Protein chains: 2
Amino acid sequence: MSDSSALERFYSVIPAGGIGSRLWPLSRADAPKFLHDLTGAGKTLLRGTWDRLEPLNGDQRIMVVTGRAHRAAVEAQLPALADHNVVLESEPKDSTAAIGLAAAILEHREPGVIIGSFAADHVITDARGFRRAVVEAIAAADAGYIATIGISPTDPAIGFGYIHCGGRLDIAGAPSAFAVDTFVEKPNLDVARGYLAAGDYLWNGGMFISRADVLLKQLGEAEPELLEGLLELAADWDTTRRGATVDRVWPRLRKIAIDYTVAEPAAKAGRLAVIPGDFDWDDVGDFAAIGKLHSSGRANNLAILGDNPRILSDASTGVVISHSKRLISLIGVEDIVVVDTPDALLVTTTANAQRVKSVVDALKLAGSGDVL
Amino acid sequence: MSDSSALERFYSVIPAGGIGSRLWPLSRADAPKFLHDLTGAGKTLLRGTWDRLEPLNGDQRIMVVTGRAHRAAVEAQLPALADHNVVLESEPKDSTAAIGLAAAILEHREPGVIIGSFAADHVITDARGFRRAVVEAIAAADAGYIATIGISPTDPAIGFGYIHCGGRLDIAGAPSAFAVDTFVEKPNLDVARGYLAAGDYLWNGGMFISRADVLLKQLGEAEPELLEGLLELAADWDTTRRGATVDRVWPRLRKIAIDYTVAEPAAKAGRLAVIPGDFDWDDVGDFAAIGKLHSSGRANNLAILGDNPRILSDASTGVVISHSKRLISLIGVEDIVVVDTPDALLVTTTANAQRVKSVVDALKLAGSGDVL
């Protein structure tokens, strides 16, 4: 098949599920990370994701998998999103179920479909560079690989997982594809520096492009029962039985990340290809990442997000996020993180940004769900 | 005259004027420092001052000089305060006018009165030690001196002015009195360490005890016009002409601190005596002082003031002040100062506490008076 016909069979899937606990109290159960404008671009991360994909697919071939509670907010953000492209989860079941259900529904509707899964809450500014990589990944998917896109690292980041490239692959239409040797977890700084120096490590952006049937087959090898449930759901999805089948099957599905059920086993089996991407990318995993995004390389910068016009800073650096009308005054605080919301205030530092999740966990245990 | 008769002629004056700009946004024009409970004692600083003095004077011989705007709040704090002991300023004119007016009124009412002036917003826990020193100061005043109380320094504080003691004085009833050599401004740390080592420096607590006529005479040497205005006001104070005379005279009075018009000239002229006080004392001049007050010598302490029950701290030290119901979460911030009020939030560090005033000044210039 030619590239153009593969592209015609391409369908984007946006799983929009994660709350983004490390961004509490900005991100909440009722205001998850993907519904925030974290870049100051004037649009939510979800909308930014849609806008990057739309030139590839057109607006009729983008599916969003999200929680029932977020349906209205998602549809408000994406007015062109077609009804049949909204997949609602009755409860979160992690990425294997979310992406697997989308794959199963689309394969059922359109055998031979190629799907690409792209997180709703990542930031990429160079949309053209992104799409160039996706087009190569589609070619690799058309050739039977499960393809991922790895981002060429620009610094020894310790907040991301890495992909170790194996040998170069010879795939028509995907000249820069490599085999994936292994996925590696978030490293410490020394290890990350080694990866950067070695030159054959890429950041794992969590994007997967594959023929739906190939992805489901791979998934079934690791999780046959989960696959069975997804196929059952897909068979009834576009029928009047959908509700009953969802109620029966969804609660029993195993909650597990696609990294373990598809990506790692496929890498071991030599079925995973990686396209190096030279575009900028960030998963904006914590407030330090937001600060970095907004600093644009400037030192001693204070990033201000939100529409609060009354923020006074004297010799202070870091991040302030506020949508309130309160006057916020910072004096001599460095690498500070201040997140000001109506019912919760967070004060920490960029160096402690990863620890925010532990506070959220503590609040859950303490029964303070009202602010989560 | 005997000590007991001097004590019978004693009258306390509490100037309750300063806003406490370094404690913004807690202290405000409409909620000045003296109306706050900064010690966690369950009462305002003003009330604490009253309670320290009342055993000396009884409640009929304590006068409060305050702004018209604070009358109701002051009277609510001090239900026993007699009407004729409330002196209202139509606009703030600094300490010479405030204390001088009280002196002039009291001297007019009761020639030979001895007055003591005590700030409304200082913290002293050892009230007995304080009163012992005041009793000696009254004896020195009765002997014709202007007396002050200097606090024996316990650390090389850089936030206070110091008094350098001269020779010992021989005053009946004031065995520990020294002459005052000089007043010195807030020193740097090296200089302060030198003062502490030298042993003949005391903190300037800003307390003055003197016969009213002696104080007024001293004042008149430096500021004859100001004295003339004060005598005019005092002559009409208890008459129906008070309002008209205030309107005519008060706005024209020079705005100047009593340190320059009375204390320093009296020290130069050898008329100033100092009683060393061994009691604890703090002017709670900034948020660092509040942190210190509440740490009670414990390291790594987070002082929490206010009635907000939802403050979570993880590896954080410093001061948090909040009367809101918002959840406040601190993670890994050291020596932090967080002051959370409905319309203004301050985030700084104890080391930057003195710089809060400059922000208040900037806000004034910027026309942000609504939060001051």
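Residues numbered from 1 in each chain as written. Chains lettered and ligands numbered in written order. Predicted model: local features only at pLDDT ≥ 70, side-chain atom pairs only at ≥ 80, totals over all residues. Heavy atoms only, no water.

**Observations regarding the packing of aromatic side chains**
Residues and elements named next belong to chain A.
Phase 1 of the analysis: Counted according to the given criterion, the structure contains 14 aromatic pairs over all chains.
Phase 2 of the analysis: Between the aromatic rings of Phe118 and Phe130, the centroid separation amounts to 5.4 Å while the plane-to-plane angle is 75 degrees, which identifies the pairing as edge-to-face. Of this pair, Phe118 sits in the loop between strand S4 (114-117) and helix H5 (127-142) while Phe130 is found in helix H5, placing the two residues twelve residues apart along the sequence.
Phase 3 of the analysis: What links up through ring pairs into an aromatic cluster is the set Phe118, Phe130 and Phe279.
Phase 4 of the analysis: The ring centre of Phe130 lies 5.6 Å from the NZ or CZ of Arg52, which sits over that ring. (Phe/Tyr/Trp six-rings, centres within 6.5 Å; stacked < 30°, edge-to-face > 60°. Helix = DSSP H or I, 4+ residues; strand = E, 2+ residues; numbered from the N terminus. Lys NZ or Arg CZ within 6 Å of the ring centre and 35° of its normal.)

**A few points about the relation of the copies chain A and chain B**
Phase 1 of the analysis: After a rotation of 179 degrees and a shift along the axis of 0.1 Å, chain A superposes on chain B with an RMSD of 0.1 Å. On the angle and the small slide along the axis, the relation comes out as a two-fold axis. Proximity to the rotation axis, assessed at the C-alpha, singles out Val347(A) in chain A; its C-alpha lies 4.1 Å from the axis.
Phase 2 of the analysis: Looking at the interface residues of chain A, 100% of them are also at the interface in chain B, so both copies use one shared face. (Least-squares fit on C-alpha atoms with pLDDT ≥ 70 in both. Contact = heavy atoms within 4.5 Å.)

**What about the interface of chain A and chain B?**
Phase 1 of the analysis: In this complex, chain A contributes 34 residues to the contact, which on the side of chain B involves 34 residues.
Phase 2 of the analysis: Both faces considered, chain A and chain B share a buried interface measuring about 2500 Å² in area, 57% of it formed by carbon and sulfur atoms.
Phase 3 of the analysis: Interface area lost by chain A to chain B is led by Arg326(A), Ile331(A) and Leu345(A), which between them contribute 26%.
Phase 4 of the analysis: Across the pair Asp370(A) and Arg310(B) runs a salt bridge, and its minimum N-O distance is 2.9 Å.
Phase 5 of the analysis: At the junction of chain A with chain B, the criterion picks out 24 residue pairs in polar contact (both at pLDDT 80 or more).
Phase 6 of the analysis: Mapped by element, the contributors of at least two residues to the side of chain A that touches chain B are strand S11 (311-314), strand S13 (327-331), strand S14 (336-340), strand S15 (344-349) and helix H12 (356-365) of chain A.
Phase 7 of the analysis: In terms of residues, the side of chain A that touches chain B owes the most to one element, S15(A), which gives six residues.
Phase 8 of the analysis: Grouping the amino acids of the side of chain A that touches chain B by side-chain chemistry returns 19 nonpolar, eight polar and seven charged.
Phase 9 of the analysis: Bridging between S15(A) and strand S13 (residues 327-331) of chain B involves five bridges; their strand directions are parallel. In the sheet register, Leu345(A) faces S13(B), and the bridge partner there is Ile328(B). (Buried area = accessible area lost by both parts, 1.4 Å probe. Salt bridge = Lys/Arg side-chain N within 4 Å of Asp/Glu carboxyl O. Polar contact = N/O pair within 3.5 Å; in protein donor to acceptor, adjacent residues only side chain to side chain. Nonpolar A, V, L, I, M, F, W, Y, C, P; charged D, E, K, R; others polar. Pairing = 2+ DSSP bridges.)

**As for the UniProt feature "domain: Nucleotidyl transferase" (unreviewed entry) in chain A**
Phase 1 of the analysis: The positions that UniProt labels "domain: Nucleotidyl transferase" (unreviewed entry) are, in the present scheme, residues 13-292 of chain A.
Phase 2 of the analysis: Secondary structure across residues 13-292 of chain A comprises 40% helix and 20% strand; the distance between its end C-alpha atoms is 28 Å. (UniProt positions renumbered as here; feature names shortened; annotations may be inferred.)

**Digging into the pairing of strand S3 (residues 86-89) of chain B**
Residues and elements named next belong to chain B.
Phase 1 of the analysis: Burial along S3 is two-sided: the face carrying Val86 and Leu88 and the face carrying Val87 and Glu89 are both buried.
Phase 2 of the analysis: Judged from the four bridges that link them, strand S2 (residues 62-67) and S3 form a sheet pairing that is parallel. Counterpart to Gly67 in the pairing with S3 is Glu89. (Buried < 20%, exposed > 50% of the residue type's maximum accessible area, 1.4 Å probe, protein only.)

**Quick word on the packing of helix H2 (residues 45-57) of chain A against H5(A)**
Residues and elements named next belong to chain A.
Phase 1 of the analysis: At their nearest, the axes of H2 and H5 sit 10 Å apart, and the two run at 50 degrees to each other. As the angle between them shows, H2 and H5 are arranged oblique. In this structure, the crossing between H2 and H5 has a hand that is right-handed. Packed against H2, whose contacting residues are Asp51, Arg52, Leu53, Pro55 and Leu56, the element H5 presents Ala127, Phe130, Arg131, Val134 and Val135 at the interface.
Phase 2 of the analysis: Counted by class, the contact of H2 with H5 contains seven nonpolar, no polar and three charged residues. (Axes fitted to C-alpha atoms, helices over the stretch in contact; angles between N-to-C directions. Parallel < 35°, antiparallel > 145°, perpendicular 65-115°, else oblique. Left-handed = near helix turned anticlockwise from the far one by under 90°.)

**Let's talk about the domain arrangement of chain A**
Residues and elements named next belong to chain A.
Phase 1 of the analysis: Assigned domains within chain A: domain 1 (3-277) and domain 2 (289-371).
Phase 2 of the analysis: Here domain 1 and domain 2 have C-alpha centroids that lie 29 Å from each other.
Phase 3 of the analysis: Across the contact, 14 residues belong to domain 1 and 19 residues belong to domain 2.
Phase 4 of the analysis: Ranking the residues of domain 1 by area buried against domain 2 places Arg22, Trp24 and Arg28 at the top, with a combined share of 44%.
Phase 5 of the analysis: Our count for the domain 1 to domain 2 interface comes out at two salt bridges.
Phase 6 of the analysis: One salt bridge connects Asp343 with Arg28, and the closest N-O pair in it is separated by 2.6 Å.
Phase 7 of the analysis: Linking domain 1 with domain 2 are six residue pairs in polar contact (both at pLDDT 80 or more).
Phase 8 of the analysis: Here the side of domain 1 that touches domain 2 is built from residues that sort into six nonpolar, three polar and five charged. (Domains from an automatic or database assignment.)

**Focus: the side chain of Thr341(A)**
Phase 1 of the analysis: Looking at the secondary structure, you find Thr341(A) in the loop between S14 and S15.
Phase 2 of the analysis: Of note is the side chain of Thr341(A), whose polar atom sits 2.9 Å from the side chain of Arg28(A).
Phase 3 of the analysis: The contacts of Thr341(A), once residues within four sequence positions are left out, are Pro25(A), Leu26(A), Arg28(A) and Arg326(B).

**A look at the packing of helix H7 (residues 212-222) of chain A against helix H8 (residues 224-237) of chain A**
Residue and element names in this part refer to chain A.
Phase 1 of the analysis: The contact between H7 and H8 brings their axes to 5 Å, and the two run at 135 degrees. With respect to H8, the element H7 is oriented oblique. Facing Leu216, Leu219, Gly220, Glu221 and Ala222 of H7, the residues of H8 in contact are Pro224, Leu226, Leu227, Leu230 and Leu231.
Phase 2 of the analysis: Per-class residue counts for the contact of H7 with H8 are eight nonpolar, one polar and one charged.

**Description of the UniProt feature "domain: MannoseP isomerase/GMP-like beta-helix" (unreviewed entry) in chain A**
Phase 1 of the analysis: Feature annotation in UniProt places "domain: MannoseP isomerase/GMP-like beta-helix" (unreviewed entry) on residues 316-363 of chain A, given in this structure's numbering.
Phase 2 of the analysis: Helix makes up 17% of residues 316-363 of chain A and strand makes up 44%, while its end C-alpha atoms are separated by 29 Å.

**Topic: the sheet that holds strand S12 (residues 318-322) of chain B**
Phase 1 of the analysis: Read from one edge to the other, the open sheet built from six strands follows the order S11(A)-S13(A)-S15(B)-S14(B)-S12(B)-S10(B), with strand pairing classed as mixed. Single-partner strands in this sheet number two, and they are S11 of chain A together with strand S10 (302-305) of chain B. Taking each pair of neighbouring strands and ignoring which way they run, the sheet shows an average axis angle of 10 degrees.
Phase 2 of the analysis: For strand S14 (residues 336-340) of chain B and strand S15 (residues 344-349) of chain B, the ladder comprises five bridges, and the chain directions are antiparallel. Residue pairing in the sheet places Val337(B) in a bridge with Thr348(B) of S15(B).
Phase 3 of the analysis: Against the sheet, helix H11 (residues 287-295) of chain B touches S10, S12, S14 and S15 of chain B, its axis set at about 100 degrees to S12(B).

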